[in-house]
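# Geometric and topological summary
Chain by chain, the residues run as shown.
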Amino acid sequence: MHDVVVVGAGCAGMRAAIEAFDTGASVGVVSKLHPTRSHSGAAEGGINAALGNAAEDSPEKHAFDTVKGSDYLGDQDAIEILAAEAPGDIYQLEHWGCVFSRNGEGKLAQRPFGAAGSPRTVYSADITGHVLIHVLYEQTMKRMEQGSTPMHVYEEFFAWRLAVEDGRCVGVVCWDLVNGGLRLITGRSVVIATGGMGRIYRVTTNAYACNGDGMAMALHAGVPLKDVEFMQFHPTTLYPSGVLITEACRGEGGYLLNRDGERFMARYAPNALELASRDVVSRSETTEIEAGRDVSGSMLLDLRHLGAERIRTRLPGSRELALTFAGVDPIFDPIPVRPGAHYHMGGIATDNWGATELEGLYAAGEVACVSVHGSNRLGGNSLMETITFGRRAGQAAAERALSAAPAGTVSDVPLVQAQRDLETLLARKDGERPWKIRDELGSSMLENFGVFRYTERMQEQLEIIVALRERYEHVVVEDKGDVFNTDLTQAIELGSMLDVAWCMVQAGLAREESRGSHSRPAEFPERDDERFLKHSVTQWTDGGPELSYKEVRMTKWQPEVRSY
Ligand SMILES: Cc1cc2nc3c(=O)[nH]c(=O)nc-3n(C[C@H](O)[C@H](O)[C@H](O)COP(=O)(O)OP(=O)(O)OC[C@H]3O[C@@H](n4cnc5c(N)ncnc54)[C@H](O)[C@@H]3O)c2cc1C
């Protein structure tokens, strides 16, 4: 048995594993992907910390911007922790070898990002996630080879279910992707860090691995999700593929045009323009598209005035993506973009140390909801959250494991149950293929639970999800083999996606207001602090999701009307 099992090896998972190990725990890391293929590696624009290298800044300002950006739904104590601890965490990453871009004085460079009062986004050109994930993997590998306390990575192990015994989480049931077979990997503490669920939508910046597995595992173990109705749509995803073009393009001075060549953000956010918060820019674009001022379904992101040199040095990755996926060279032509599903603000409800309601279970990163993002995340805050709260969750999980009474043997009941369910699934010879259900889920979520939301469409979406779940009961997995059976794992992932989608839409329907990324322009166009300045909490029951609410923790900022 490990002291700590971390499920997920993105930035949050590896940061948690490193801290747990450094606290003295033996650690097992489970990941369905090789760690450096985790989706964190795709992050482009940067990571926020109030270093004050580009202009005057402070953790207090960082915290206020984040509270305001969250449309006052973020828990202010958690936000203050993030802002206060971020600078130390950045210097630690830098000392571990992160090659961040520098300014003329040789200090860490910082660029402006949306809704930030000061340029505070630290970056490595526009491949920040790639740099972070490799440094964290180096640090993980270093610990695998060092000392008497073991660190082990279960690479390409697919986690399916949590093992719970006597009200404590004691491990995770996994499918070994390389060799086949189920394994129960046990730990005194378990940290879930499985990332987001953007694949629930057809147009998304998220990788194929982002399916909400961890959220579904927690739900089915009786752990509530928080604020699941809030899905961020990023305003600049490539048309038509949905590949992200980073906010750093606008941070560097790029602007958005409609079909008339008008810089339309001047009408929606006269001060912040393209650097208003993402919910505001996505809604503005959608309004322009719906009014017919689009260019074949897209808006245009213009970088040409930045000049070839700046595009090549500061935004090389974005140029490459535009060339590869849209056939456009931004040095000469504007890039076609539109809003796409990008980041899930909701997730497994945790306290400020990553602890969940289930003893022994922790969560960190995009899968978790601490909550620092409330109803709308600021660009650059998510990577920071993975590091700061990944570290805190790793430490807390290790301290608990090391102080808990030595566990006896863990029963094999969860393994036997999983084996039985697996055999039932694989024994089925006829039925519908999972991908059809997946496609319908993705298209209907985009249609009915996107940038703008309407009661009737959300009700329709609930009915669609319930019907898709019924069809899901009869899906057939054609590949019956053991080696890299992605047919099997994709079928399991689909089950998670359907359950998380159900929770999202149900919570969305119940929130009768417009706040952050949840916009109901026809029926409830205003924020309603009296009724809804509270977190939604979703629990799983035999009849589906059940909703309740929880107070937002405020420290010093009272809600004001946001303007940009
Ligand atoms: C294209 C893109 C660009 C972005 N750019 C930025 C940016 O510039 N700045 C910023 O702050 N944020 C950015 N974000 C958001 C940010 O990158 C993510 O929120 C963050 O990296 C998520 O990290 P994570 O560790 O929580 O999850 P991930 O990095 O997604 O890692 C999840 C891990 O869990 C594992 N896993 C998942 N399911 C299972 C399972 N069932 N069994 C076993 N293992 C499993 C995966 O293998 C992986 O190792 C961006 C997001 C996208 C999509």
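Quick caveat, the model's predicted, so the values are computed rather than measured. (Residues numbered from 1 in each chain as written. Predicted model: local features only at pLDDT ≥ 70, side-chain atom pairs only at ≥ 80, totals over all residues. Heavy atoms only, no water.)

### Observations regarding the overall build of the chain
Scanning the chain from terminus to terminus reveals 16 helices and 19 strands. In terms of overall dimensions, the chain is globule-like: its C-alpha atoms have a radius of gyration of 22 Å, near the 24 Å expected for 564 residues. For the C-alpha atoms alone, the extent of the chain along its principal axes is close to 65 × 55 × 50 Å. Expressed as a percentage of the 564 residues in the chain, the buried residues total 61%. Nonlocal contacts in the chain, meaning residues at least 24 apart in sequence, comprise 73% of its contacts between residues at least 6 apart. (Helix = DSSP H or I, 4+ residues; strand = E, 2+ residues; numbered from the N terminus. Rg over C-alpha atoms; globule rule 2.2 N^0.38 Å. Buried < 20%, exposed > 50% of the residue type's maximum accessible area, 1.4 Å probe, protein only. Contact = heavy atoms within 4.5 Å.)

### What about the environment of Glu526?
Counting through the fold element by element, Glu526 comes out in the loop between α15 (486–510) and α16 (529–532). For Glu526, a relative accessible area of 57% puts it in the exposed group. Along the sequence, Glu526 and Asp57 sit 469 residues apart, while their C-alpha atoms lie 31 Å from each other. When residues no more than four places from it in sequence are discounted, the contact partners of Glu526 are Glu513 and Ser514.

### Examining the pattern of salt bridges
What the rule picks out here adds up to 45 salt bridges. Residue Arg531 is joined to Glu512 by a salt bridge in which the shortest nitrogen-to-oxygen separation is 2.8 Å. One end of the pair, Arg531, is in helix α16; the other, Glu512, is in the loop between α15 and α16, and 19 residues separate them in sequence. According to the relative accessible area criterion, Arg531 is partly exposed, its value standing at 40%. Residue Glu512 is classed as partly exposed on the basis of its relative accessible area, which comes to 28%. The network of salt bridges with shared partners includes Asp71, Glu229, Arg511, Glu513, Arg515, Arg527 and Asp529. (Salt bridge = Lys/Arg side-chain N within 4 Å of Asp/Glu carboxyl O.)

### What to know about the pairing of strand β11 (residues 231–238)
Along β11, eight of the eight residues are buried, which leaves the element largely enclosed by surrounding structure. Strand direction decides the pairing type here: β11 and strand β14 (residues 335–344), joined by six bridges, are antiparallel. The partner of Met231 across the bridge, within β14, is His344. (Pairing = 2+ DSSP bridges.)

### Thoughts on the domain arrangement of the chain
When the domains of the chain are assigned, the result is domain 1 (231–342) and domain 2 (413–551). One C-alpha centre belongs to domain 1, the other to domain 2; they are set 30 Å apart. Taken together, the contact pairs ten residues of domain 1 with ten residues of domain 2. Each partner contributes to the roughly 770 Å² buried at the junction of domain 1 and domain 2, and carbon and sulfur atoms together form 68% of this total. Contact with domain 2 buries surface across domain 1, with Met231, Phe233 and Arg283 losing the most and accounting together for 64% of the total. Where domain 1 packs against domain 2, one counts zero salt bridges. (Domains from an automatic or database assignment. Buried area = accessible area lost by both parts, 1.4 Å probe.)

### As for the site of the ligand
Inspection of the region around the ligand gives 37 residues, with Ser38, Ser40, Asp213, Glu366 and Ser382 positioned closest. Take Glu44: an N or O atom from its main chain is 3.3 Å from a nitrogen atom of the ligand. Note that a nitrogen atom of the ligand is positioned 2.7 Å from one of the side-chain N or O atoms of Asp213. Listing elements by their share of the shell around the ligand, those giving two or more residues are α1 (11–22), β2 (27–31), β7 (157–165), β14 and α11 (381–403). Among the elements that make up the shell around the ligand, the one with the highest residue count is α11 (four residues). For the shell around the ligand, the per-class residue count stands at 14 nonpolar, 18 polar and five charged. (Near = heavy atom within 4 Å. Polar contact = N/O pair within 3.5 Å; in protein donor to acceptor, adjacent residues only side chain to side chain. Nonpolar A, V, L, I, M, F, W, Y, C, P; charged D, E, K, R; others polar.)

### Looking at the nonpolar core
If you look at the biggest cluster of nonpolar residues, it comprises 71 residues, and the most contacted ones within it are Val172, Ile200, Tyr201, Ile348, Leu441, Met445 and Met504. Take this core: its biggest share by element is 14 residues, from α15. Two domains share this core, each providing at least three of its residues, namely domain 1 (231–342) and domain 2 (413–551). Apart from the residues within four sequence positions on either side, Val172 is in contact with Val5, Val7, Ala159, Arg161, Leu162, Ala163, Arg183, Leu184, Ile185 and Met217. (Core = buried A, V, L, I, M, F, W, Y, C linked by side-chain atoms within 4.5 Å.)

### With respect to the layout of surface pockets
The calculated volume of the second largest pocket comes to roughly 840 Å³. Lining the second largest pocket are 31 residues; nearest its centre among them are Trp160, Arg161, His220, Asp421 and Tyr472. Put simply, the parts of the chain that give the lining of the second largest pocket at least two residues each are β7, α5 (213–220), α12 (413–427), α14 (455–472) and α15. Among the elements that take part in the lining of the second largest pocket, β7 stands out by supplying seven residues, more than any other. For the lining of the second largest pocket, the class distribution of residues is 17 nonpolar, five polar and nine charged. (1 Å grid on protein atoms, 1.4 Å probe; cavity = no way out; pocket = protein on both sides within 12 Å on 5 of 7 lines; lining within 4 Å. Points joined across faces, edges and corners; volume = space filled by probe spheres on them.)

### Quick notes on the packing of aromatic side chains
Within the structure shown, the criterion is met by six aromatic pairs. Each ring, one from Tyr154 and one from Phe157, has its centre 5.4 Å from the other, and the planes form 70 degrees; the classification is edge-to-face. Under the relative-accessibility criterion, Phe157 is labelled buried at 8%. Centre to centre, the rings of Phe264 and Tyr268 are 6.3 Å apart; their planes meet at 80 degrees, and the pair counts as edge-to-face. Owing to a relative accessible area of 0%, Phe264 belongs among the buried residues under this scheme. The exposure class of Tyr268 is partly exposed, given its relative accessible area of 28%. Directly above the aromatic system of Tyr549 lies the positively charged group of Lys534, at a separation of 4.7 Å from the ring centroid. (Phe/Tyr/Trp six-rings, centres within 6.5 Å; stacked < 30°, edge-to-face > 60°. Lys NZ or Arg CZ within 6 Å of the ring centre and 35° of its normal.)

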